[in-house]
Amino acid sequence: QVQLVESGGGRVQAGGSLRLSCAASGGTFSMYAVGWFRQAPGKEREFIGGINWSGGSVAYTDSVRGRFTISRDNAKKTVYLQMNSLIPEDTAVYYCATSASGSWYDGNYFDYNYWGQGTQVTVSS
């Protein structure tokens, strides 16, 4: 079983940057793809991007492509979400999750098995 802990959230002004971390313990983290999701108040949880087990394949949703970058360090059992050029619409609770599915890049919620508790990101205008 894998335990995930997100960190790095906070409040930032529009145009600013944050880097979120997703630290894993237990299990065989390096075997899993990792996805990042977010959930804004009153909205469904949405997939924003992910990275395969080796870091060689990365996917992003259109709303964040070009602004966000996902990377991983398997030696540190950590996946990162670098967020630049933040806008108020990025305000949400951000979650990381692992997937053993070959179609992790589709961002299907049900393909993800272990989830972190989330970290709040607030972007003010």
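The rules behind each value
Residues numbered from 1 in each chain as written. Predicted model: local features only at pLDDT ≥ 70, side-chain atom pairs only at ≥ 80, totals over all residues. Heavy atoms only, no water. Pairing = 2+ DSSP bridges. Helix = DSSP H or I, 4+ residues; strand = E, 2+ residues; numbered from the N terminus. Axes fitted to C-alpha atoms, helices over the stretch in contact; angles between N-to-C directions. Disulfide = S-S within 2.5 Å. Buried < 20%, exposed > 50% of the residue type's maximum accessible area, 1.4 Å probe, protein only. Phe/Tyr/Trp six-rings, centres within 6.5 Å; stacked < 30°, edge-to-face > 60°.

> How would you sum up the sheet that holds strand β8 (residues 78-83)? Please name residues and give values.
Here we have four strands laid out as an open sheet, ordered β1-β3-β8-β7, and antiparallel in their pairing. Of all the strands in the sheet, the pair left with one neighbour each is β1 (3-7) and β7 (68-73). On average, adjacent strands in this sheet sit at an angle of 15 degrees to one another, irrespective of strand direction.

> How would you explain the state of the cysteines if you had to name every residue and give the values?
Per the counting criterion, the structure on display carries one disulfide. Through a disulfide, Cys22 is tied to Cys96; the S-S separation comes to 2.1 Å. Disulfide Cys22 to Cys96: torsion about the S-S bond roughly 75 degrees, handedness right-handed. In this pair, Cys22 is assigned in strand β3 (residues 18-25) and Cys96 in strand β9 (residues 92-99), connecting sequence segments 74 residues apart. Of the two residues examined, Cys22 and Cys96, each falls in the buried class.

> Could you give an account of the packing of aromatic side chains, naming the residues involved and the relevant values?
Following the criterion strictly, the structure yields nine aromatic pairs and no others. Relative to Tyr112, the ring of Phe37 has its centre 5.0 Å away and its plane inclined at 85 degrees; by these criteria the two rings are edge-to-face. With Phe37 in strand β4 (residues 33-39) and Tyr112 in strand β10 (residues 112-115), this pair connects stretches of sequence that are 75 residues apart. A single burial state applies to Phe37 and to Tyr112, both of which are buried. The interplanar angle of 80 degrees and the centroid separation of 5.6 Å between the aromatic rings of Trp104 and Tyr105 together place this pair among those described as edge-to-face. On the basis of relative accessible area, Tyr105 is assigned to the partly exposed category, the value being 45%. These aromatic residues form a ring-pair network of at least three members: Phe37, Phe47, Tyr109, Phe110, Tyr112 and Trp115.

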